[in-house]
Amino acid sequence: MSVKRRFGIRFKLLLVSLSLIAIPVAGYQFIREMETFLRDAQDHNLATTTQALALLVQDNPAFSEKDAGPDALYVHPYQPVIIDGYADDWQDILPLAQQFSSADGLAFQVLLRASPGYFHLLIHVITPPPRYAGGRIISYGRSNQVELFLVDDNGLSRSYLIAPRAPGTVITHRLNGDQPGPGDFRLQGEWQEIASGYNLEMRIPKRLMASGMSIRVMDGAGHKLATASMEDSHKAGRLIQPSHELKRIIANIDLPQSRIRITDDQGWVLTRSGNLEDTAPQSETAAPWLLRKIIDLILQHRAGDAPPIEENSVRLSGEPVISALQGKTATRRYRMPGSETLVIATTRPVFSDGKIRGAVMLEQTTGNILSLQNQAMQRLLVITFTLFVVVALALLGFASLLTSRIRRLHNQMEKTVAPDGRIIGEIQVSRSRDEIADLGQSFSSVLSRLQEYNRYLQAMASRLSHEFRTPLAIIRTSLENSSLVDDAKEKQAYLQRAQKGVDRLELILRQLQEATQLEKALEQVEVQPFDLCELLAFSLENYASIHPGLTFELQPCVACRISGSPELVHQALEKLLDNAVDFHQSGTPIAVRLVREQQQVFVCVSNQGPAIPPNMDLFQSMVSLREKRQEQPHLGLGLYLVKLIAEFHGGGTRMENRPDEKAVSFCFGLRLDAN
């Protein structure tokens, strides 16, 4: 009969193998904690380094200049420039152009470069098609014009007006109030129209604008836009130039994947060094695409919502520079544009004479941390996957082995037991020493006992049939004969014979009842200590008085204390003596002796007589060697009762042939007292 299974052993063992998930989970938590620890350590190192840099540059003259103001102009390092009115030579710094705009739509951008003797200026004005000056006289503000306010190295200020009549080379007029004067050919420039407006490219001697410059743009319709307040003719925006002294100080500071920027008190970058290398970790590039995607999905590096800090901005106006210029140390994390690399930016204020003169910002990527983390996660995933596959296959193979053995045991059980319950075979016990082998051994033992029980039932039926047949035949024939005769005397003889048959049936039933009653009585027997030697001597003396013609020998016996029931032990001894009397050879003695073996003492009764057949257990129920036809019925229950009594007292039974004495011996054991 097959049983419907919902989940088999293979499935359950595979579920057990899922406990291996605890390994990557624990590893993931460890990697996260490692990342937190490394980031904290990196934050601390950056803060310490930034503080050291701030102390190193605090007395530098670059911080002693006057306030640059928000409308200062930044001067970029020199690159060769051709004065042609086009921005081709400015492509490298076009994104860094300073923006100026007004509410009326006027806007322009400014870029400055410094060469050994000149400043190169590019002004890109965003406007509708420009209006050029007409006629011989130039009117201030009546066309698209650009006014330059310059302060030379002696502090002398000059105003210049550029008002071209057409694109091309421009003449720079010296202003006297608002009246253009003659041209100053020391200032050279080109004016070119472009789609969004026009470009003005100029070359100006350094000495003319060494102390500052302001720019005003006019569209000819009354709209003006300037870089600084030019109502005061002595007001000009300061020129911000990178500090070579600061550059020299930080040039020798070599920090991997780091960038240093130093600003003044308005956030203008005075110098910079280093760069943030956005290189993928080696382990990540070597890993397969799918593995990298899994790692990126698991290790979601969060940088918050902080926008990135511009890499080449000439003025830093956001956090964390603002906090540093307010006297606070600040840290900010952001993600590099177009990359998964995180950057930690730490700023500290620069103090001089008790005032905040600028800020130092140190940025460093978390590439090393990310590399270590990705390597650890990659190894963890590979090891976990390999371990999971190996363990899963091992468990699957082990489960298959177990199920095959269980299935084999199941099939053997199915074949061993017939549909009607008869035992028709036996189970082959496995040589393995495990629970399944023990289960097979137990099944084999159970089937063996069931087989013995079946034999017992068959023997009992056969023996009862045999024992009942004789008295029933006597009763039947006696009653039939008594009904056929008329003589009272003869009729009485037949009735007496029928009565003997009834008595024999009663004896058989009494023997069966005796075994049943003994099994029930064992559950209520009171145990008490007694001396076994005294009991044997007393029982043997009484039994000898019943059989005066027989010789009984009791071998020397010392005091032997046991706990049990004296009545049951006496009954077991009588059963063995009865068996010995029935089978002993006439004229030979019957011997009784005690044999001590470890924690048991055996009571053995020996007699000379027929040998015990091999492979026969006479202590089983309904097993007997007596002749079939006897005056008294024998159901083979006597030795079975001895076995029950011995097992009740914690012992066992045994029987053996003794060729040296030409005798047989039957013994039952009793457990000795621990004292």
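Throughout this description, residue numbers start from 1 for each chain and increase along the sequence as written. For a predicted model such as this one, the threshold for reporting local features is a pLDDT of at least 70, and the threshold for listing and counting side-chain atom pairs is 80 or more; totals across whole chains, interfaces and linings nevertheless cover every residue. No hydrogens and no water enter the side-chain calculation; it runs on all heavy atoms of the structure.

Asks: Describe the pattern of salt bridges, naming the residues involved and giving the relevant values.
Replies: By definition here, a salt bridge exists when the distance from a side-chain nitrogen of Lys or Arg to a carboxyl oxygen of Asp or Glu is within 4 Å. Scanning the model with the defined rule gives 10 salt bridges in all. A salt bridge links R216 to E147, with the nearest nitrogen and oxygen atoms 3.1 Å apart. Taken as a pair, R216 in strand β12 (residues 212–219) and E147 in strand β5 (residues 144–151) lie far apart in primary sequence, 69 residues in all. Per residue, the accessibility class of R216 equals that of E147, and both read buried. A salt bridge links R186 to D184; the nearest nitrogen and oxygen atoms lie 2.8 Å apart. Residue exposure (1.4 Å probe, protein chains only): buried if accessible area is under 20% of the type maximum, exposed if over 50%, otherwise partly exposed. On the accessibility criterion, R186 (33% relative accessible area) is partly exposed. In the salt-bridge network here, residues are joined through shared partners; they are R259, R261 and E363. Under the scheme used here, helices are H or I runs from DSSP no shorter than 4 residues and strands are E runs no shorter than 2 residues, and both carry numbers assigned from the N terminus.

Asks: Tell me about unusual backbone geometry, and please be specific about residues and values.
Replies: A cis geometry characterises the amide bond from E319 onward to P320, with omega recorded as 5°. Position of P320 among the secondary structure elements: in the loop between α5 (289–298) and α6 (321–325). Phi angles above zero are rare outside glycine, and D353 is one such case at about 55°. Of note, D353 is situated in the loop between β18 (342–352) and β19 (355–365). Judged by relative accessible area, which is 73%, D353 ranks as exposed. Despite not being glycine, Q598 has its phi angle at roughly 55°, a positive value. Of note, Q598 is situated in the loop between β23 (590–597) and β24 (600–608).

Asks: Pulling in residues and values, what's your account of the packing of aromatic side chains?
Replies: In this scheme Phe, Tyr and Trp rings, the latter by its six-membered ring, pair at centre separations within 6.5 Å, and the angle between planes marks the pair as stacked below 30 degrees, edge-to-face above 60, and tilted otherwise. The final tally for this structure, using the stated rule, is five aromatic pairs. For the ring pair F100 and F108, a centre distance of 5.1 Å and an interplane angle of 20° mean the geometry is stacked. The same class applies to F100 as to F108, namely buried. Here a set of aromatic residues connected by ring pairs shows up, and it is made of Y132, W191 and Y198. Lying over the aromatic face of Y118, R203 brings its terminal NZ or CZ to 4.4 Å of the ring centre. Throughout this description, the term charge over a ring refers to an Arg CZ or Lys NZ atom that lies within 6 Å of the ring centre and within 35 degrees of the ring normal. Positioned over the ring face of F602 is R654, at 4.2 Å from the centre of the ring.

Asks: Give me the lowdown on the packing of helix α10 (residues 532–546) against helix α11 (residues 566–583), citing residues and values where you can.
Replies: Two packed helices can be described by the angle between their axes and the distance between those axes. In the contact formed by α10 and α11, the axes pass within 10 Å of each other and the chain directions differ by 45°. The pairing of α10 with α11 is recorded here as oblique in orientation. In this structure, α10 meets α11 at a crossing whose hand is right-handed. Facing α10, whose interface residues are L532, L535, L536, S539, L540 and Y543, α11 presents P566, V569, H570, L573, E574, L577, D578 and V581. When residue character is reported, Ala, Val, Leu, Ile, Met, Phe, Trp, Tyr, Cys and Pro are called nonpolar, Asp, Glu, Lys and Arg charged, and the others, Gly included, polar. Among the residues forming the contact of α10 with α11, the class breakdown is 10 nonpolar, two polar and two charged. Orientation is described by axes fitted as lines to C-alpha atoms, over the contacting stretch for helices, and by angles from 0 to 180 degrees between their N-to-C directions. We call two directions roughly parallel when the angle between them is under 35 degrees, roughly antiparallel when it is over 145, roughly perpendicular when it lies between 65 and 115, and oblique otherwise. Crossings are assigned a handedness: left-handed for a near helix turned anticlockwise from the far helix by less than a right angle, right-handed for a clockwise turn. Note on contacts: a residue pair qualifies if any of its non-hydrogen atoms lie within 4.5 Å across the two residues.

Asks: Before we move on, could you go through the sheet that holds β5 and cite the residues and values that matter?
Replies: Sheet architecture is open: six strands sit in the order β9-β8-β6-β5-β12-β13, paired in antiparallel fashion. Two strands bound the open sheet, and with one partner strand each, they are β9 (179–183) and β13 (224–226). With strand direction ignored, the average angle separating the axes of adjacent strands in the sheet is 30°. Summarising the sheet, β12 and β13 pair through three bridges and their orientation is antiparallel. Opposite M218, over in β13, you have K224 as the bridge partner. The pairing criterion is simple: DSSP has to find at least two bridges between the two strands.

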